[in-house]
Amino acid sequence: MINKDTLDKILSRVEKPARYIGNEINSYNKNTKEVKVRFAFAFPDIYEVGMSHLGLHILYNLLNKEEDVFCERVFAPWVDMEHELRKYNIPLYALESKDPINEFDFVGFTLQYEMSYTNVLNMLNLAHIPLLSKDRKEGDPFIIAGGPCAYNPEPLADIIDFFVIGESEELILEIIEIYKKWKENNRTREEFLEDVSQIQGVYVPKFYEVTYNQDGTIKEFRPKTDKYPSVIKKRIIKNLDEVYFPDRVIVPYIETVHDRVMLEIFRGCTRGCRFCQAGMIYRPVRERSVDRLLDYAQKLVEITGHEEISLSSLSTSDYSKLEELVKSLIDKFKDKKIGLSLPSLRLDSFSLDIIQEIQKVRKTGLTFAPEAGSQRLRDIINKGINEEDLINSVRDAFYLGWSTVKLYFMIGLPYENYDDILGIKDLAYKVKDTYFGLPKDKRKGNLKVTVSTSCFVPKPFTPFQWFGQDTIETFKEKQRYLGSSIKDKKITYNFHDPELSFLEAVFARGDRRLSKALIIAWQKGCKFDGWADYFNYEKWKEAFRETEIDPSFYANRHREYDEVLPWDFIDVGVSKKYLIKENEKAKEGILTRDCRKGCTGCGINISFTGGVC
Ligand code: SF4
């Protein structure tokens, strides 16, 4: 354990010391001498962000249910705390025991966002753990990683000892079992990696080698020997009702991003938006039953005291029993004044009934994601909604008393032109006109329309994975064009930083050669890249220059179907053939139906047998 007096001294000097003290209600504390496995769940961002992540609560509780396993938490310390830790040479410690995480058996990072990679390095360094997998010795913890970014693990191949591909709660206990046996038998680090490499869903990068063509593209990716699988197949849970879901959740002392009960109602999505990685990698759709959800809600409200329940999923309105669930939840909690939030509602199935039900309790802002400004482009991306849907939903909402609307779009989508961009402005103006089209006595509040545009990032395992991203200059030009076309005080325009989105695209479609640039960028001081105040693109440019890596090779280059992609060795169940077919349909603006209305042949039901679709 680190020195308590020094820690107290430090904590009195940093902003929000509650980020670093642990001991919150429902957190675990175990006798570290009595457990066999110590696991540090590492979130490469600050406490408030990490504590809002449902996956943390699931894995934390799942592991701690095992008597001989102690899972603790560690977050990226904010810069003031980092300064103090370095000044007093205190290694990064876990919140529960305050022991340095370099004494643990595992440090498991969740990779939610490519721009957290420098924080992974920073945390390893703060923990006095070698950055490169090859430099770790017997006795060092195993550094593992999972989460959505692990579906292209290659940019971190030199850093992470092994990746977990798919839904970690399905295989984490298998890894722990193998570890316990390995530890009892006093075998080598290498032997443990050999053992876990045999588990479906585990990828150990050091057992694979890559060769390159002269033009820099990948020639071949293969296991070093045939002991290792040539394809890593993701792991999924088949029945969400049977899988573990925590009925206790830590309640932080300080406000976090989401201070509410998060109820995961289903996984997967059948809509098939062509830009959306989550919609492909989390297939197939698996729902939780209403009874099970009501039961969890009851327990979690009681044990946390939260005053809001949020229904979490990729597309909440697609839950087949949404109305029944919402009505039952409201009924159950109306006396306790528990609010209900339904993020990720879609326009086309936006039910007036449901809005009315939510309104009985509490009213929050409305968020819609048309994604593209024109019907032509919405068809290209297979968004499957039309303007009438949006306007009708918005009108209904205005009648019911809402006056704040947020509209999310992307710019730089494949086959976009300037008319599509102008369509964003037109849609925002139509929303405004809808409000003022209401009789005066029906308009409540003050209208506020916020238009936000993010920059399209081509992601692995999507039909647009081959598409080159717009350059930073083009993004800026498009943002200027849209910004100057919006001249109404009721409409605010926000946009994402194109430089950040460019880097996201570099790492999203990157390969293992990028590790070098990542390390240099971190050495130059890059961290918290996802935070506007800390993002320093100039340092990144220097890092690429010094490592002679051309980042646009990864971000802006169109790829051919026959190119070997860095993530081709991972099997997510959705076939490449299907992705190609979808990309070809996009070019023609041909829609693909929601596969709940009939299978469209993505392939997941072939690779993942067991009647999941
Ligand atoms: S196999 Fe068919 S039904 Fe299942 S997710 Fe794929 S397209 Fe949809």
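Heads up: the structure comes first, above all this text.
The sections below set out a description of the structure shown in this document. Please read all numbers here as calculations on a predicted model, not as lab measurements.

**Quick notes on the sheet that holds strand β17 (residues 448-455)**
Taking strand neighbours across the sheet as the criterion, the four strands line up as β15-β16-β17-β18 in an open arrangement whose pairing is parallel. Both edges of this open sheet fall to β15 (366-371) and β18 (491-495), since each of them pairs with a single strand only. Across the sheet, the mean angle from the axis of one strand to that of its neighbour is 20°, orientation sign disregarded. When strand β16 (residues 404-411) meets β17, the two strands line up parallel, connected through eight bridges. Following the sheet pairing, F409 is matched in β17 by T453. The strands touched by helix α14 (residues 418-436) are β15, β16, β17 and β18; relative to β16, the strand with the most contacts, the crossing angle is about 170°. Relative to β18, helix α15 (residues 472-485) is tilted by about 175°, and along the sheet it contacts β16, β17 and β18.

**Structural notes on helix α18 (residues 537-546)**
Listing the buried residues of α18 in full gives Y537, W540, A543 and F544. Looking straight down α18, one finds its buried side chains confined to an arc of 115°; they lie on one side. In α18, the exposed residues that point more than 90 degrees away from the buried face are R545 and E546. Measuring from the side-chain oxygen of the N-cap residue of α18 to the backbone nitrogen of E538 gives 3.2 Å; that N-cap residue is N536. One or two positions beyond α18, positive phi appears at E548, with a value near 55°.

**Section: empty space enclosed by the protein**
A complete count under the given rule lists six cavities of 30 Å³ or more for this structure. Computed from the structure, the largest cavity encloses a volume of approximately 70 Å³. Lining the largest cavity, in full, are R19, Y20, V74, F75, A76, P77, M81, L85, L92, Y93 and L95. Those elements that provide at least two residues to the lining of the largest cavity are β2 (69-75) and α4 (79-87). Grouping the constituent residues of the lining of the largest cavity by class yields ten nonpolar, no polar and one charged.

**What about α14?**
The first and last C-alpha atoms of α14 sit 28 Å apart over 19 residues, in line with the 27 Å expected at 1.5 Å per residue. Taken residue by residue, α14 has D420, I421, G423, I424, K425, L427, A428, V431, K432, T434 and Y435 as its buried positions.

**Some details on the sheet that holds β2**
Overall, mixed pairing links the six strands, which are arranged β2-β1-β3-β4-β5-β6 in an open sheet. Across the chains shown, the open sheet's two edge strands, defined by having one partner strand only, are β2 and β6 (202-203). Where strand β1 (residues 37-43) meets β2, seven bridges bridge the pair, whose relative direction is parallel. Bridging across to β2, F41 finds its partner in R73. Against the sheet, helix α5 (residues 117-126) makes contact with β1, β2, β3 (106-110) and β4 (142-146), and its axis sits at roughly 160° relative to β3, the strand it touches most.

What counts, and at which threshold
Sequence order as written defines residue numbering, which begins from 1 separately in each chain. The predicted origin of the model limits local features to residues at a pLDDT of at least 70 and limits the giving and counting of side-chain atom pairs to 80 or more, whereas totals for whole chains, interfaces and linings rest on all residues. To get the side-chain values, all heavy atoms of the structure are used, and hydrogens and water are removed first. By the convention used here, strands pair only if DSSP detects at least 2 bridges between them. Strands are runs of DSSP state E lasting at least 2 residues, helices are runs of H or I lasting at least 4, and numbering of each runs from the N terminus. Lines are fitted to the C-alpha atoms to define the axes, a helix being fitted only along its stretch in contact, and any angle between axes, read from their N-to-C directions, falls within 0 to 180 degrees. Contact between two residues is taken to exist if any of their heavy atoms lie within 4.5 Å; hydrogens are not considered. Partly exposed residues are those whose accessible area sits between 20% and 50% of the maximum for their type, while under 20% is buried and over 50% is exposed, using a 1.4 Å probe and protein chains only. Note that the arc is computed from the directions linking the helix axis to the C-beta atoms. The term polar contact refers here to a pair of N or O atoms within 3.5 Å; inside protein, the definition further demands a hydrogen-donor-capable atom paired with an acceptor-capable atom, and it admits residues adjacent in sequence only when both atoms are side-chain atoms. Buriedness for pockets is judged along seven lines, at least five of which must meet protein on both sides within 12 Å for an open set on the 1 Å grid over protein atoms alone, while cavities are sets there where a 1.4 Å probe fits but cannot get out, and lining residues have an atom within 4 Å of a point. Grid points are joined across faces, edges and corners, and a volume is the space filled by probe spheres set on the points. Under the convention adopted here, Pro, Cys and the residues Ala, Val, Leu, Ile, Met, Phe, Trp and Tyr are nonpolar, Asp, Glu, Lys and Arg are charged, and Gly plus all remaining residues are polar. Here the expected span of a helix is defined as 1.5 Å times the quantity of residues minus one.

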